[in-house]
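Fold and geometry: a report
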Amino acid sequence: MDVRIEDLEFGYNENRKVLEGVFLKIDGPQLISIIGPNGVGKSTLIHCMNKILNPTGGVVQIEGKDVRDYSVRELAKQMGYVPHATGDSFPMTVMDTVLMGKYPHAGKKVTNADVEEVYGILKLLGIEHLAMRSFDQLSAGQHQKVALARGLAQQPKILLLDEPTSNLDIKHQMDVSRILKEMTEERDMVVVMISHDLNIASKYSDYMIMLHGGGIYAIGTPEEVITPKNIKTVYGVESSVILDEGRPHVILRDGLFKEEEHRVNDGVICTR
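Now for a description of the structure that goes with this document. (Residues numbered from 1 in each chain as written. Predicted model: local features only at pLDDT ≥ 70, side-chain atom pairs only at ≥ 80, totals over all residues. Heavy atoms only, no water.)

1. Some details on the overall build of the protein
Regarding its fold elements, the protein presents 10 helices and 14 strands. Against the 2.2 N^0.38 benchmark of 19 Å for 272 residues, the protein shows a C-alpha radius of gyration of 20 Å, consistent with a compact globule. For the protein, the C-alpha atoms occupy an extent of roughly 65 × 50 × 30 Å along the three principal directions. When burial is assessed residue by residue, the protein has 46% of its 272 residues classed as buried. The long-range share in the protein, meaning contacts at least 24 apart out of those at least 6 apart in sequence, stands at 61%. When the accessible surface of the protein is totalled, it reaches about 14,000 Å², and 50% of it is carbon and sulfur. Across the protein, the mean location of the 30 positive side-chain charges is 3 Å away from that of the 38 negative side-chain charges. (Helix = DSSP H or I, 4+ residues; strand = E, 2+ residues; numbered from the N terminus. Rg over C-alpha atoms; globule rule 2.2 N^0.38 Å. Buried < 20%, exposed > 50% of the residue type's maximum accessible area, 1.4 Å probe, protein only. Contact = heavy atoms within 4.5 Å. Areas by Shrake-Rupley, 256 points an atom, 1.4 Å probe, with all protein chains shown as cover. Lys, Arg positive; Asp, Glu negative; His and termini not counted. Charge placed at Lys NZ, Arg CZ, Asp CG, Glu CD.)

Structural data, given as structure tokens:
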């Protein structure tokens, strides 16, 4: 899969440019995380990629073809999108909800093979027991996993995810991130996800894109992007970065907490 973004620009008016001068090249299966503070244009970037927004300048191409020249159904066969979790709810079973992802390929007719495939995706995400539950009876975290299942059922070559782990606890954040990483290899997919968790993104991503000031501030492997200097510039916070299992891990620093020793009830000395 080949994705090219050349001189991308998007603004709601001439005086308010959200993105400007964005160049990006994506080749082959990989997991890419887009990071950066609120309002920096992360969602805008993927919305320009999937035709939700029409760029005010530049071009987005998939396999050499401008995304604006794809029909909605043609684009859906190439690219899936899972939005940030919302409070939206509707009285459909989880199975029917996820089967909606098959529409670009299967149309309105659902086959036994479609059902078996969807059940396999639910099992992969550990939610097969929810198959006949009503979607509007699920928790926010379960909603998030069902939305991801629907995106996978679409069988896209590129999957765009807006904060796919935002409503999940630590274990399920790791589970979902691991599955996404494995999907890039097993399904030959490109996965692009927005993340506010630098450590989860660093742990599982092949490449990271850090946005700042309306464009790409840093791009590369986690080791190249996750540095104290970059974090200070982009987020305005002090940090230390250590290597954990070969990946950068961010430790935030705040002058409010000075290093001092505290004795706890069992006699152990804790330093902070």
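Moving on, there is more to tell.
2. Focus: the sheet that holds strand β7 (residues 158-162)
Pairing between sheet strands relies on hydrogen bonds along the backbone, with the strands arranged either parallel or antiparallel. Read from one edge of the open sheet, six strands run β6-β7-β8-β3-β9-β10, paired in mixed fashion. This sheet does not close on itself; its edge strands, each paired only once, are β6 (79-82) and β10 (215-220). Here the average twist between neighbouring strands, direction ignored, is 15°. Bridge count between strand β9 (residues 207-212) and β10: five bridges; the pairing is antiparallel. Counterpart to isoleucine 209 in the pairing with β10 is isoleucine 219. Strands β6 and β7 of the sheet are contacted by helix α6 (residues 140-153), whose axis makes an angle of about 165° with β7. (Pairing = 2+ DSSP bridges. Axes fitted to C-alpha atoms, helices over the stretch in contact; angles between N-to-C directions.)

3. Here's the deal with the nonpolar core
Within the largest apolar cluster, 33 residues are counted, with the highest numbers of intra-cluster contacts made by Val98, Leu122, Leu148, Leu159, Leu161 and Leu180. When residues of this core are traced back to their parent elements, those giving at least two are α3 (94-99), α5 (112-124), α6, β7, α7 (170-186), β8 (190-194) and α8 (198-204). For this core, the element with the most residues is α6, which contributes six residues. In this structure, leucine 159 is in contact with Gly80, Tyr81, Val82, Leu148, Gly151, Leu152, Leu180, Met189, Val190, Val191 and Val192, ignoring residues within four places of it in sequence. With 30 residues, the next largest nonpolar core counts Val22, Cys48, Val190 and Ile209 among its residues. (Core = buried A, V, L, I, M, F, W, Y, C linked by side-chain atoms within 4.5 Å.)

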